[in-house]
Amino acid sequence: MARITNETAYKALMERIEELLPQVDERTPPNDKNLVELDLLSELAAEYEEEHYPIHAPSLPDVIRLRMKEMGINQAKLSELLGVSPSRVSDYLTGRSEPTLRIGREISRKLGIDARIVLGV
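From a predicted model like this one, the values you see are computed outputs, not experimental measurements.

Draft legend 1. Broad picture of the packing of aromatic side chains. One pass over the structure, following the stated rule, counts 3 aromatic pairs. Ring centres of Tyr 10 and Tyr 48 lie 4.7 Å apart, and the angle between their planes is 20°; this geometry places the pair in the stacked category. Linking Tyr 10 in helix α1 (residues 7-20) with Tyr 48 in helix α2 (residues 33-52), this pair joins segments that are 38 residues apart in sequence. For the pair Tyr 10 and Tyr 48, one class covers both residues: buried. Judged by centre distance (6.0 Å) and plane angle (45°), the ring pair of Tyr 10 and Tyr 53 falls under tilted. Of this pair, Tyr 10 sits in helix α1 while Tyr 53 is found in the loop between α2 and α3 (60-71), placing the two residues 43 residues apart along the sequence. The exposure class of Tyr 53 is partly exposed, given its relative accessible area of 40%.

Structure follows, in structure tokens:
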């Protein structure tokens, strides 16, 4: 099957997908021509998006900032929570320094951030 090679073709493909979506649901038989077409077009769109619009994993500083916002805490409160100085928290948030393994463990446990994100895996 052909690949999508430009933005114009991608936009046309997405318009067709939008037209097909209301015509299928979970009760649509697997051999329905609209469902088959939708599946094929969706695969083409996914391939194009992976190449042209990749989604990168968030950085640790981004995740920490998000979690701070969700928890309603500031840098001073985070420094208390982790047992480090406010300047050290600032270093983590700006990317000037990475947390030690011990602090990484605290970040994971106390902020509920997956250890793989903390370790950069």
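Now, onward.
Draft legend 2. Structural detail: the packing of α3 against helix α6 (residues 101-111). Relative orientation of the contacting elements α3 and α6 amounts to 35°, with a least axis distance of 11 Å. Here the hand of the crossing between α3 and α6 comes out left-handed. Packed against α3, whose contacting residues are Ile 64, Arg 67 and Met 71, the element α6 presents Ile 107, Lys 110 and Leu 111 at the interface. Taken together, the residues of the contact of α3 with α6 break down into 4 nonpolar, no polar and 2 charged.

Rules used throughout
Residues numbered from 1 in each chain as written. Predicted model: local features only at pLDDT ≥ 70, side-chain atom pairs only at ≥ 80, totals over all residues. Heavy atoms only, no water. Phe/Tyr/Trp six-rings, centres within 6.5 Å; stacked < 30°, edge-to-face > 60°. Helix = DSSP H or I, 4+ residues; strand = E, 2+ residues; numbered from the N terminus. Buried < 20%, exposed > 50% of the residue type's maximum accessible area, 1.4 Å probe, protein only. Axes fitted to C-alpha atoms, helices over the stretch in contact; angles between N-to-C directions. Left-handed = near helix turned anticlockwise from the far one by under 90°. Contact = heavy atoms within 4.5 Å. Nonpolar A, V, L, I, M, F, W, Y, C, P; charged D, E, K, R; others polar.

Limitation: the analysis is restricted to geometry and does not speak to function.
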